[in-house]
Protein chains: 2
Amino acid sequence: MRVLGVDPGLTRCGLSVLDVGARGDLAPSGARPRMVAVGVVRTTSERATGDRLAYLADELDTWLDRFEPDVVAIERVYVAEHVPTVMTTAMASGLVHLAAARRGLVVHEHTPTEVKAAVTGSGRADKAQVTSMITRVLGLLEAPRPADAADALAVAICHAWRGGGSARLEQAVASERARLAAKGVGA
Amino acid sequence: MRVLGVDPGLTRCGLSVLDVGARGDLAPSGARPRMVAVGVVRTTSERATGDRLAYLADELDTWLDRFEPDVVAIERVYVAEHVPTVMTTAMASGLVHLAAARRGLVVHEHTPTEVKAAVTGSGRADKAQVTSMITRVLGLLEAPRPADAADALAVAICHAWRGGGSARLEQAVASERARLAAKGVGA
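All values reported here derive from a predicted model rather than from experimental measurement.

A.B. asks: What is the right way to look at the overall build of chain A in this model?
C.D. replies: A tally of regular secondary structure across chain A gives 6 helices and 5 strands. Along chain A, helices and strands appear, N-terminal first, in the series β-β-β-α-β-α-β-α-α-α-α. Of all 187 residues assigned to chain A, the portion counted as buried reaches 48%. Surface exposure of chain A reaches about 9100 Å², of which carbon and sulfur atoms provide 50%.

See the structure below:
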């Protein structure tokens, strides 16, 4: 399967694309993830909120058009101490949900603790441990930068490894739908 | 001017349209607002977040297409106690900013306290006082319901009355742009 990983934010939104096993295989077991792309969309707080969101929405569409992921994995937003960031991060997260829904893609949310635990084995791992593990797992020559890019890769890896259970269910549902559609019963 | 008032939310999003003075006049002085439309867009939490956002985005486009407001006034989201609602309210608010930006419309945010103060004269007014004042100001036969509809009217009235200063500035800028464009100097 191809996973679009997102570390949502309006000032910086991390995006990554990973392939795990065959394209369209939503339950690849034991396959090693391969990095296809990674990047960060940036907008400045000097622009109006709506203009920043419009730019991010366009970039999300560009990534979805170009890489055609099978599924989207996003880091879940929590209320933190710095309130303004929480609001704009929630807005950015909403755009990801919207763009995915308009293409019929399922979005999986993973908490920061789940992501750290999946990647390093510990929900309390620090950023350096997470980045080091990502670099090794993906066989990269150097550590992904900035932090938002690394986080976008981490949530995609987390989904590839944790998603097994629900992914198998989704695949079963998808195959059943395809079978019914082929028989002309309707999706 | 025609104001689209929004009380943002994903479960219930209040929308209102008010005319104050002439269409396109961004600084109507002393004009009494007239209600053009009011409604509430509802989505159920049983649906996926992306599907709910897609429905709300489509409804916002429908209102903007149908009523062609000159400006958008929205109640500013704050972090409250109930965290999940704050997140979805911020997402809904983001869609309003996005839809307005894509049409070149300016969005004005007003805090709940500003709205209450503008409508009733007191930032500590309760819902009943706000609703009662809206009903009188707009000359309605009965009080607007539900609360989200009343709140959407309140923020539009707030904008009509408070927006004077910045609205006059915007109008001056808009006229100047139109003058330069007419002279072929470029906007």
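And the narrative resumes.
A.B. asks: How should the packing of aromatic side chains be read in this particular structure?
C.D. replies: A ring pair, where both rings are aromatic, is described by two values, the distance of the centres and the angle of the planes. All names here are of chain A. The tally for this structure, following the rule as stated, stands at 2 aromatic pairs over all chains. Ring plane angle 50° and centroid distance 5.3 Å describe the contact between tryptophan 63 and phenylalanine 67, whose orientation is recorded as tilted. Highlighted residues: tryptophan 63 and phenylalanine 67, both in helix α1 (residues 49–67), separated by 4 residues, approximately one helical turn. The exposure class assigned to phenylalanine 67 is buried, which follows from its relative accessible area of 10%.

A.B. asks: I keep staring at the pattern of salt bridges and nothing clicks. Help me out?
C.D. replies: When charged atoms on two side chains of opposite charge get close, those side chains can pair. All names here are of chain A. The tally for this structure, following the rule as stated, stands at 18 salt bridges over all chains. The salt bridge involving arginine 12 is made with aspartate 148; its shortest N-O contact spans 3.0 Å. Residue arginine 12 is found in strand β2 (residues 12–19), and its partner aspartate 148 is found in helix α5 (residues 147–162); the two are separated by 136 residues along the sequence. Taking the shortest distance from any N to any O, the salt bridge between aspartate 151 and lysine 127 comes out at 3.2 Å. In this pair, aspartate 151 sits in helix α5 while lysine 127 sits in helix α4 (residues 127–137), placing the two residues 24 residues apart along the sequence. Overall, the relative accessible area of 56% leaves lysine 127 in the exposed class. Linked by salt bridges that have partners in common, Asp61, Asp65 and Arg103 make up one network.

A.B. asks: Looking at this structure, I do not really get the sheet that holds strand β3 (residues 34–42) of chain B. What am I missing?
C.D. replies: Adjacent strands of a sheet form backbone hydrogen bonds with each other and so pair up, either parallel or antiparallel. Residue and element names in this part refer to chain B. Taken in spatial order, the 5 strands of this open sheet run β3-β2-β1-β4-β5, and their pairing is mixed. At either margin of the open sheet sits one strand with a lone partner, and together these are β3 and β5 (107–110). Along the sheet, successive strands turn relative to each other by an average axial angle of 20°, direction set aside. Note that strand β1 (residues 2–7) and strand β2 (residues 12–19) share 6 bridges and pair antiparallel. Bridging across to β2, valine 3 finds its partner in leucine 18.

A.B. asks: What is the right way to read the UniProt feature "binding site: Mg(2+) 1" (unreviewed entry) in chain A from this model?
C.D. replies: Residue and element names in this part refer to chain A. Mapped onto the present numbering, the UniProt feature "binding site: Mg(2+) 1" (unreviewed entry) falls at Asp7 and Asp148. Annotated residues spanning 142 residues; largest pairwise C-alpha distance 6.2 Å, indicating a single compact cluster. Mapped onto the elements of the fold, aspartate 7 is located in strand β1 (residues 2–7). When near neighbours in sequence (up to four residues on either side) are disregarded, aspartate 7 contacts Arg12, Cys13, Gly14, Glu75, Asp148, Asp151 and Ala152. The residues contacting aspartate 148, other than those within four sequence positions of it, are Asp7, Arg12, Gly14 and Val40.

The rules behind the values
- Residues numbered from 1 in each chain as written.
- Chains lettered and ligands numbered in written order.
- Predicted model: local features only at pLDDT ≥ 70, side-chain atom pairs only at ≥ 80, totals over all residues.
- Heavy atoms only, no water.
- Helix = DSSP H or I, 4+ residues; strand = E, 2+ residues; numbered from the N terminus.
- Buried < 20%, exposed > 50% of the residue type's maximum accessible area, 1.4 Å probe, protein only.
- Areas by Shrake-Rupley, 256 points an atom, 1.4 Å probe, with all protein chains shown as cover.
- Phe/Tyr/Trp six-rings, centres within 6.5 Å; stacked < 30°, edge-to-face > 60°.
- Salt bridge = Lys/Arg side-chain N within 4 Å of Asp/Glu carboxyl O.
- Pairing = 2+ DSSP bridges.
- Axes fitted to C-alpha atoms, helices over the stretch in contact; angles between N-to-C directions.
- UniProt positions renumbered as here; feature names shortened; annotations may be inferred.
- Contact = heavy atoms within 4.5 Å.

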